[in-house]
Amino acid sequence: MNALTLETLNKLRSLANPSHQEFLKKMVPSQKEVLGIKAPQLRIILTDLKEATQKLSNREKIELAVEWVQTDVHDFGQMAYEFIGFNKTLLAEVTKDDLHRLNHKLDNWASVDAFSVYLHGKAWKLGILSDNDLLQLVKSEDVWQRRIAVVSTIPLNRKVKGQKADPERTFMICDLVLADYADMVVKALSWALRELSKQEPQLVRDYIETHREILHKRVLREVNNKLVFGLKNV
């Protein structure tokens with residue numbers, strides 16, 4: 001294990017928050033070690049890591065982030081996804097193999113969503129991943145991998161200056177989970193359609209009307225609420 005990884009891991013464990021740890025174990029059940037460190041503290045440590053790795057090459061930084069994820073410490077993994085995902089230069093050098101290694105033992109919605117929104121979906125948008133890569137993923141028997149595929153549509157449709165929505169690829173993935181009633185997939189599908197509706201409300205209206213008979217009631221309710229009231233729940 002790299003010396004910086006070990007030093008940071010020891011620091012993280014020293015900051016473990018038992019009360020928040022118990023809260024997260026209920027909200028985000030995982031086989032990984034959960035330390036319960038709150039986001040503001042994690043971001044301070046992440047800032048320190050960015051400074052400590054300034055002189056490293058991008059490849060060395062990516063390899064470090066992979067190692068952080070593979071410590072199987074939930075909190076460290078979340079930092080790794082931010083470390084790469086919010087650095088455009090690093091993200092541009094990520095490979096399919098890197099993404100495979102970063103997609104490591106994901107078994108809870110918080111890790112899956114951070115990986116999907118910060119990394120996987122952006123890599124798809126950049127062309128590092130192909131449409132076929134996502135189509136293979138959404139057919140996985142693993143519910144978390146299917147959720148990754150659906151949540152990876154979020155970066156395609158974020159309201160970013162100069163960026164248009166991508167309904168074609170979003171619907172391509174959504175079509176394959178219309179009748180997937182696994183709770184984590186249902187919630188992901190609702191999120192994907194609500195995100196797209198911010199830029200393409202009529203297309204989403206037409207989509208849910210076309211598939212009304214098969215869509216889960218939760219999806220219909222939440223997406224309709226978003227279209228009518230601008231909120232998921234009313």
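Everything that follows concerns the structure shown earlier in this document.
## Some details on the pattern of salt bridges
Pairing between side chains becomes possible if they bear opposite charge and their charged atoms approach one another.
Argument step 1. Applying the stated criterion across every chain yields a total of 21 salt bridges.
Argument step 2. We note a salt bridge from Arg169 to Asp131, for which the minimum N-O separation is 3.2 Å. Here Arg169 is found in helix 12 (residues 167–174), whereas its partner Asp131 is found in helix 9 (residues 131–138), with 38 residues between them in sequence.
Argument step 3. By relative accessible area, which is 18% here, Arg169 ends up buried.
Argument step 4. Overall, the relative accessible area of 29% leaves Asp131 in the partly exposed class.
Argument step 5. Ionic pairing is found between Arg212 and Glu209, a salt bridge with its closest N-O pair at 3.3 Å.
Argument step 6. Connected through salt bridges with shared partners, the residues Arg59, Glu63, Asp97, Asp98 and Arg101 form a single ionic network.

## Structural notes on the layout of surface pockets
Argument step 1. Quantified by volume, the largest pocket comes out at close to 450 Å³.
Argument step 2. Of all the secondary structure elements, the ones that give two or more residues to the lining of the largest pocket are helix 2 (18–27), helix 3 (39–52), helix 5 (74–85) and helix 8 (109–126).
Argument step 3. Among the elements that make up the lining of the largest pocket, the one with the highest residue count is helix 8 (six residues).
Argument step 4. A per-class count over the lining of the largest pocket returns 13 nonpolar, three polar and five charged.

## Things to note about a nonpolar patch on the surface
Argument step 1. On the surface, Val228, Phe229, Leu231 and Val234 cluster together to form a nonpolar patch covering roughly 430 Å² of accessible area.
Argument step 2. Structurally, Val228 is set in helix 15 (residues 217–229).
Argument step 3. On the basis of relative accessible area, Val228 is assigned to the exposed category, the value being 51%.

## Comments concerning the nonpolar core
Argument step 1. The biggest cluster of nonpolar side chains holds 69 residues, and the ones touching the most others in it are Ile84 and Leu193.
Argument step 2. It is helix 13 (residues 183–197) that provides the largest number of residues to this core, a total of eight residues.
Argument step 3. Setting aside its immediate chain neighbours within four residues, Leu193 contacts Phe171, Cys174, Val204, Tyr207, Ile208, Val219 and Val223.

## Side note on the environment of Gln202
Argument step 1. If you trace the backbone, Gln202 turns up in helix 14 (residues 201–210).
Argument step 2. Its relative accessible area of 45% is what places Gln202 among the partly exposed residues.
Argument step 3. C-alpha of Gln202 to C-alpha of Leu227: the two residues are 25 residues apart in sequence and 9.0 Å apart in space.
Argument step 4. Side-chain polar atoms of Gln202 contact the side chain of Asp206, separated by 2.9 Å.

## Remarks on unusual backbone geometry
Argument step 1. Look at Asp72: it is not a glycine, yet its phi comes out positive at around 65 degrees.
Argument step 2. Among the structural elements, Asp72 can be located in the loop between helix 4 (58–69) and helix 5.
Argument step 3. With a phi close to 50 degrees, Lys105 is a non-glycine residue in the positive phi region.
Argument step 4. Within the element layout of this structure, Lys105 appears in the loop between helix 7 (96–102) and helix 8.

Procedures and definitions
Residues numbered from 1 in each chain as written. Predicted model: local features only at pLDDT ≥ 70, side-chain atom pairs only at ≥ 80, totals over all residues. Heavy atoms only, no water. Salt bridge = Lys/Arg side-chain N within 4 Å of Asp/Glu carboxyl O. Helix = DSSP H or I, 4+ residues; strand = E, 2+ residues; numbered from the N terminus. Buried < 20%, exposed > 50% of the residue type's maximum accessible area, 1.4 Å probe, protein only. 1 Å grid on protein atoms, 1.4 Å probe; cavity = no way out; pocket = protein on both sides within 12 Å on 5 of 7 lines; lining within 4 Å. Points joined across faces, edges and corners; volume = space filled by probe spheres on them. Nonpolar A, V, L, I, M, F, W, Y, C, P; charged D, E, K, R; others polar. Patch = residues over 30% accessible without salt bridge, like charges linked within 9 Å, V, L, I, M, F, W, Y side chains within 5 Å. Areas by Shrake-Rupley, 256 points an atom, 1.4 Å probe, with all protein chains shown as cover. Core = buried A, V, L, I, M, F, W, Y, C linked by side-chain atoms within 4.5 Å. Contact = heavy atoms within 4.5 Å. Polar contact = N/O pair within 3.5 Å; in protein donor to acceptor, adjacent residues only side chain to side chain.

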